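Below are the chains, spelled out letter by letter.
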Amino acid sequence: MSTRRTMPGALKIGLTGGIGSGKSTLAGMLAAEGAGLVDSDAIAHELTEAGGAAIAAIRDEFGEEYIDASGALDRPRMSARVFSDERWRRRLEQLLHPMIQRGCDLRARELVPTVPYLVFDVPLLAESEPAAARFDRILVIDCPTELQIARVMQRSGRTRGEVESIIAGQAGRPRRLSIADDVVFNAHSRPALQARALRLHARYLQLASTREAV
């Protein structure tokens, strides 16, 4: 269980989970109930699309071959490289993460006046202790590894080996669970996940209102 100290401002929930765990689905459910959603993946895509703020830096750092014909990041080529080369992955993270962080901060500032609390959808939160420390609570969505593999293969068409390589490049389940304040085990139906999301939302509303009263 986390021992982080409460941060000033709006209640900040850091949501993370391995690929295929249902993280984006849970984030969407909380947003549908009124939470402010800050999606770091969406911000990363904005930065790396054609004309995005990160394209020039990616071209300078990695070469023209990692930019596709449209002028965007060639994601399949870059993914294949970073999941097979740890040093390459670190180079990309060092380039993108500060930009993504600034984008998340800007989005959060825009949302704060209109929402009861913020949910930050952060895939690699467990991989960075400084990042985890930015949040009041860490919400981890978890499921068995075999279910992760099956879900990703079904939705993406990736091979089992490709999915296993992605999972191996992420923090393991024990690491994610070790930083969690709240855990959702998502191995059942969508209605079961929805029910859990509603309970979490009620809890976070309570925490947010208590925070405002202090």
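For clarity, every value in this text was computed on a predicted model and none was experimentally measured.

Reading the values: the criteria
- Residues numbered from 1 in each chain as written.
- Predicted model: local features only at pLDDT ≥ 70, side-chain atom pairs only at ≥ 80, totals over all residues.
- Heavy atoms only, no water.
- Phe/Tyr/Trp six-rings, centres within 6.5 Å; stacked < 30°, edge-to-face > 60°.
- Helix = DSSP H or I, 4+ residues; strand = E, 2+ residues; numbered from the N terminus.
- Buried < 20%, exposed > 50% of the residue type's maximum accessible area, 1.4 Å probe, protein only.
- Salt bridge = Lys/Arg side-chain N within 4 Å of Asp/Glu carboxyl O.
- Pairing = 2+ DSSP bridges.
- Axes fitted to C-alpha atoms, helices over the stretch in contact; angles between N-to-C directions.
- Contact = heavy atoms within 4.5 Å.
- Core = buried A, V, L, I, M, F, W, Y, C linked by side-chain atoms within 4.5 Å.
- Parallel < 35°, antiparallel > 145°, perpendicular 65-115°, else oblique.
- Nonpolar A, V, L, I, M, F, W, Y, C, P; charged D, E, K, R; others polar.
- Expected span 1.5 Å × (residues − 1).
- Arc of directions from axis to C-beta.
- pLDDT = per-residue confidence, 0-100.

### Description of the packing of aromatic side chains
Thinking step 1. Enumeration over the complete set of coordinates arrives at 5 aromatic pairs.
Thinking step 2. Each ring, one from Phe62 and one from Trp88, has its centre 5.1 Å from the other, and the planes form 45°; the classification is tilted. A residue pair is termed long-range when its members are at least 10 positions apart, and Phe62 in helix α3 (residues 55–62) and Trp88 in helix α5 (residues 86–111) qualify at 26 residues. In this structure, Phe62 and Trp88 share a single accessibility class: buried.
Thinking step 3. When the centroid spacing of 5.6 Å and the interplanar angle of 45° are considered together, the rings of Tyr66 and Trp88 count as tilted. Residue Tyr66 is found in the loop between α3 and α4 (75–82), and its partner Trp88 is found in helix α5; the two are separated by 22 residues along the sequence. One exposure class covers both Tyr66 and Trp88, and it is buried.

### Some thoughts on the pattern of salt bridges
Thinking step 1. Applying the stated criterion across every chain yields a total of 14 salt bridges.
Thinking step 2. A salt bridge links Arg77 to Asp74, with the nearest nitrogen and oxygen atoms 4.0 Å apart.
Thinking step 3. Between Glu86 and Arg89 there is a salt bridge, with the nearest N and O atoms lying 2.3 Å from each other. Remark: Arg89 and Glu86 occur in helix α5; sequence separation between them is 3 residues, near one turn of the helix.
Thinking step 4. Among the residues examined, Glu86 registers a relative accessible area of 40% and is labelled partly exposed.
Thinking step 5. Take Arg89: its relative accessible area is 18%, and that puts it in the buried class.
Thinking step 6. Among the charged side chains, a salt-bridge network with shared partners connects Glu86, Arg89, Arg90 and Glu93.

### Side note on the sheet that holds strand β2 (residues 36–39)
Thinking step 1. Across the sheet, which stays open at both edges, the 5 strands sit in the order β2-β3-β1-β4-β5 with parallel pairing between neighbours. Two strands in the sheet have a free side with no partner beyond their single neighbour: β2 and β5 (182–185). Geometrically, the sheet is characterised by an average inter-axis angle of 20° between neighbouring strands, direction not taken into account.
Thinking step 2. The pairing of strand β1 (residues 12–16) with strand β3 (residues 118–121) spans 4 bridges and is classified as parallel. By the bridge assignment, Gly14 is partnered in β3 with Phe120.
Thinking step 3. Sheet strands in contact with helix α2 (residues 40–48) are β2 and β3, and its direction is about 50° off that of β2.

### Concerning the nonpolar core
As a rule of thumb, nonpolar side chains are buried together in soluble globular proteins.
Thinking step 1. Core analysis: the biggest nonpolar cluster contains 36 residues, and Ile58, Phe62 and Met78 have the highest contact counts within it.
Thinking step 2. For this core, the secondary-structure elements that each account for two or more residues are α2, α3, α4, α5, β3 and β4 (137–142).
Thinking step 3. Among the elements that line this core, the one with the most residues is α5, at 9 residues.
Thinking step 4. If we skip the residues at most four places from it in the chain, Phe62 touches Met78, Trp88, Arg91, Leu92 and Leu95.
Thinking step 5. By size, the runner-up hydrophobic cluster in this structure holds 18 residues, among which are Leu30, Leu193, Leu200 and Tyr204.

### Points about the packing of α4 against α5
Thinking step 1. One can describe the packing of α4 onto α5 by two numbers: an axis separation of 7 Å at closest approach and a directional angle of 125°. Here α4 is positioned oblique relative to α5, judged by the angle of their axes. Contacts between α4 and α5 involve Met78, Arg81 and Val82 from the first element and Trp88, Arg89 and Leu92 from the second.
Thinking step 2. Tallied by class, residues from the contact of α4 with α5 come to 4 nonpolar, no polar and 2 charged.

### Quick word on helix α7 (residues 145–156)
Thinking step 1. Taking 1.5 Å per residue as the helical rise, α7 with its 12 residues ought to reach 16 Å, and the 16 Å between its terminal C-alpha atoms agrees with that figure.
Thinking step 2. Inspection of α7 places Gln148, Ile149 and Val152 among the buried residues, and these make up the whole buried set. One side of α7 carries all its buried residues, which in axial view fall inside an arc of 95°.
Thinking step 3. The inward-facing, buried residues of α7 abut α8 (160–168) and α9 (173–178).

### Some thoughts on the confidence of the model for the protein
Thinking step 1. Averaged over every residue, the pLDDT of the protein is 90; residues scoring 70 or more account for 95%.
Thinking step 2. Low pLDDT (under 50) marks residues 1–7, which in the prediction has 23 contacts with non-local residues, meaning those over four places away or in another chain.

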